[in-house]
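The chain contents come next:
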2 protein chains.
Amino acid sequence: MLVLITYDVNTETETGKRRLRRVAKQCVNYGQRVQNSVFECVMDAAKCREVKNKLEKIIDKDKDSLRFYYLGNKYKSKVEHIGAKESFDVEGTLII
Amino acid sequence: MLVLITYDVNTETETGKRRLRRVAKQCVNYGQRVQNSVFECVMDAAKCREVKNKLEKIIDKDKDSLRFYYLGNKYKSKVEHIGAKESFDVEGTLII
């Protein structure tokens, strides 16, 4: 299934900037970055729980937020892109 | 239906910062801001075309990107939030 992960990390402090880097670094292991704070991950429920657990441990729940959107298996018609960086095949390699 | 709008606007220049403000200002008219660059909009296809046209005219397609995710009508189970600012009922008022 396609899972969209979006995040807002409060980067007012150095520790916040560190959290942001750590969140992004984890997400890279699970999917494709399609925008600065948006990742598309094709994964099963177990992998999804795994990344969720990891990200929950990184963020400061009082300051940062994570959102997960479950787009199912028939997701290709559910996503539309306009503008720069139309460059990702979430199941494959980076197409530039 | 629920439409998720995410955007990346290149704010390296003053005109970029202006585009970002204009994109956000338009999105506010169509839905709820759930993260910095993520809006959830409950709207029909006509409204969706409308906002898409407006946003397309604002962005610089070489530098900025917009993504639209169509989550259909049964979206409540498809969205999960962790952390700060779990504060939005997309069909209703702001819940704090």
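Residues numbered from 1 in each chain as written. Chains lettered and ligands numbered in written order. Predicted model: local features only at pLDDT ≥ 70, side-chain atom pairs only at ≥ 80, totals over all residues. Heavy atoms only, no water.

- An unreviewed UniProt entry lists chain A under the name CRISPR-associated endoribonuclease Cas2, with Ruminiclostridium cellobioparum subsp. termitidis CT1112 given as the organism.
- Under the Cofactor (unreviewed entry) heading, UniProt states for chain A: "Mg(2+)".
- The UniProt entry for chain A carries the following text under Sequence similarities (unreviewed entry): "Belongs to the CRISPR-associated endoribonuclease Cas2 protein family." (UniProt positions renumbered as here; feature names shortened; annotations may be inferred.)

### Considerations on the UniProt feature "binding site: Mg(2+)" (unreviewed entry) in chain A
Right, on to step 1. Cross-referencing UniProt, the feature "binding site: Mg(2+)" (unreviewed entry) maps to Asp 8 of chain A in the present numbering.
Right, on to step 2. Tracing the sequence through the fold places Asp 8 of chain A in strand S1 (residues 2–8).
Right, on to step 3. If we ignore the near neighbours within four places in the chain, the residues touching Asp 8 of chain A are Asp 64 and Ser 65 of chain A together with Gln 35, Asn 36 and Lys 85 of chain B. (Helix = DSSP H or I, 4+ residues; strand = E, 2+ residues; numbered from the N terminus. Contact = heavy atoms within 4.5 Å.)

### Comments concerning the relation of the copies chain A and chain B
Right, on to step 1. Structural alignment of chain A on chain B gives an RMSD of 0.0 Å, achieved by rotating through 180° and translating 0.0 Å along the axis. Such a turn and shift between the copies fits a two-fold axis. Across chain A, the smallest distance between a C-alpha and the rotation axis is recorded for Leu 71 of chain A, namely 3.4 Å.
Right, on to step 2. Take the interface residues of chain A: 100% of them recur as interface residues in chain B, which is what a same-surface contact looks like. (Least-squares fit on C-alpha atoms with pLDDT ≥ 70 in both.)

### Focus: the layout of surface pockets
Right, on to step 1. In this structure, the largest pocket spans a volume of roughly 590 Å³.
Right, on to step 2. Every residue lining the largest pocket is counted, 29 residues in all, and those nearest its centre are Asp 8, Asn 36 and Ser 37 of chain A together with Asn 36 and Ser 37 of chain B.
Right, on to step 3. Looking at the lining of the largest pocket, the elements with two or more residues in it are S1 and strand S2 (32–35) of chain A together with strand S1 (2–8) and strand S2 (32–35) of chain B.
Right, on to step 4. Per-element accounting of the lining of the largest pocket gives the leading share, three residues, to S2 of chain B.
Right, on to step 5. Taken together, the residues of the lining of the largest pocket break down into 10 nonpolar, 10 polar and nine charged. (1 Å grid on protein atoms, 1.4 Å probe; cavity = no way out; pocket = protein on both sides within 12 Å on 5 of 7 lines; lining within 4 Å. Points joined across faces, edges and corners; volume = space filled by probe spheres on them. Nonpolar A, V, L, I, M, F, W, Y, C, P; charged D, E, K, R; others polar.)

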